[in-house]
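Architecture at a glance
The lines below spell out each chain.
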Amino acid sequence: MRYYEIQPSDTATWTGTIEGARQWSLPGVEDCPGCHETWAGSVDYPAVDLTGLEAAHELEDARAAPYADYARLAELVRTRCPPGTQLPPGTSFGPLVGRARGEWGQLTLTDPWTAWARPDALALLEGLRGITPVWPVLHGRQAPVAELHLSLAGGLAVDCIGPTPPACRVCGREDWRLPGDYWLDPEQLPELDIFRIANAPTLIVVSEHIAELGLTGDYRLSELRTSGTAYSQADLSLYRFDA
Ligand SMILES: [Zn+2]
């Protein structure tokens with residue numbers, strides 16, 4: 001099986017745009033007691049419905065909050081998510097509510113980690129693994145595209161990430177940048193045809209089953225290898241981290 005990173009294309013031939021917000025989000029963490037960072041991730045789960053959750057009203061305003069508040073709310077939200085779901089600070093839930101304009105290709109990435117499919121594309125994607133369409137809620141018009149709910153799965157190989165400082169022991173924040181050359185860990189390939197990489201969630205991966213459909217739209221594909229040249233010990237010695 002071949003895998004491809006899918007990204008927005010550099011040139012736009014379609015005019016489709018969508019803007020809006022989701023109904024719920026976990027707070028970002030403000031001045032984490034472990035790493036003293038204030039931060040939020042960019043993870044969205046459009047298919048997760050928090051209607052009726054005890055603390056749903058606390059999730060309606062995107063904000064930063066003390067770590068303890070984030071942790072308490074994340075445990076409540078977890079009861080509505082599949083087992084093992086990653087819930088970093090700032091994760092948002094529910095369909096996008098807003099406005100869409102323009103003409104859409106069959107498959108569109110509105111940013112590197114958000115994918116949308118037209119109904120005719122959904123018909124072609126039916127039966128593939130990991131396809132969960134969620135229709136946005138638009139003011140006054142039928143949605144021209146559905147958002148694809150993407151799981152965080154798989155991983156970039158540890159060998160290409162190289163040495164990294166340990167994750168924050170409180171909030172789990174990891175301080176590393178995407179390396180110039182990266183590849184998938186062959187031991188962690190999920191049984192999915194589309195997913196966001198768990199340890200690099202700004203990247204969407206599609207399998208050859210999707211890549212070879214030839215769907216129209218403003219996106220580009222680059223094949224992701226499952227092996228590469230690991231960092232050498234000489235490279236490792238360039239990095240020093242405080243304990
Ligand atoms: Zn932290």
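First, a word on scope: everything that follows refers to the structure included in this document. (Residues numbered from 1 in each chain as written. Predicted model: local features only at pLDDT ≥ 70, side-chain atom pairs only at ≥ 80, totals over all residues.)

Some remarks on the overall build of the protein chain
The helix and strand inventory of the protein chain stands at five helices and 15 strands. Against the 2.2 N^0.38 benchmark of 18 Å for 243 residues, the protein chain shows a C-alpha radius of gyration of 19 Å, consistent with a compact globule. Buried positions account for 31% of the 243 residues belonging to the protein chain. When contacts within the protein chain are restricted to residue pairs at least 6 apart in sequence, long-range pairs at least 24 apart make up 80% of them. (Helix = DSSP H or I, 4+ residues; strand = E, 2+ residues; numbered from the N terminus. Rg over C-alpha atoms; globule rule 2.2 N^0.38 Å. Buried ≥ 20, exposed ≤ 12 C-beta atoms within 10 Å, placed from the backbone. Contact = placed C-beta atoms within 7 Å.)

Here we look at unusual backbone geometry
Even without glycine at this site, aspartate 31 takes up a positive phi of about 45°. Inspection of the secondary structure puts aspartate 31 in the loop between β3 (28-29) and β4 (44-45). Despite not being glycine, histidine 36 has its phi angle at roughly 60°, a positive value. Structurally, histidine 36 can be placed in the loop between β3 and β4.

Considerations on helix α1 (residues 67-78)
For α1, spanning 12 residues, the distance from its first C-alpha to its last is 16 Å, which sits close to the expected 16 Å at 1.5 Å a residue. Within the sequence span of α1, burial applies to Tyr70, Leu73 and Val77. Summarising the axial view, the buried residues of α1 lie within an arc of 75°, below the 170-degree limit, and thus occupy one face. Exposed positions of α1 whose direction lies more than 90 degrees from the buried face are Ala68 and Glu75. In the core, the buried residues of α1 are packed alongside β3 and β5 (64-65). (Expected span 1.5 Å × (residues − 1). Arc of directions from axis to C-beta.)

Quick notes on the sheet that holds strand β11 (residues 146-148)
If you trace the four strands from one edge of the open sheet to the other, you get β7-β8-β11-β9, paired in antiparallel fashion. Looking along the sheet, the strands with just one partner apiece sit at the ends: β7 (107-111) and β9 (133-134). (Pairing = 2+ DSSP bridges.)

Some words on the sheet that holds strand β1 (residues 3-8)
Here five strands make up an open sheet; going across it, the order is β12-β13-β14-β1-β15 and the pairing mixed. With one partner strand each, in any of the chains shown, β12 (152-153) and β15 (219-224) form the two edges of the open sheet. Note: strand β13 (residues 194-197) against strand β14 (residues 200-207), four bridges, orientation antiparallel. Bridge pairing in β14 places isoleucine 197 opposite alanine 200.

Quick notes on the environment of threonine 11
Looking at the element boundaries, threonine 11 is found in the loop between β1 and β2 (17-25). Residue threonine 11 is classed as exposed on the basis of its C-beta count, with 7 C-beta atoms lying within 10 Å.

Some points on the pairing of β7
Note that β7 and strand β8 (residues 114-117) share four bridges and pair antiparallel. Bridge pairing links leucine 109 to alanine 115 in β8. Taking the residues between adjacent antiparallel strands as the criterion, β7 and β8 are bridged by two residues.

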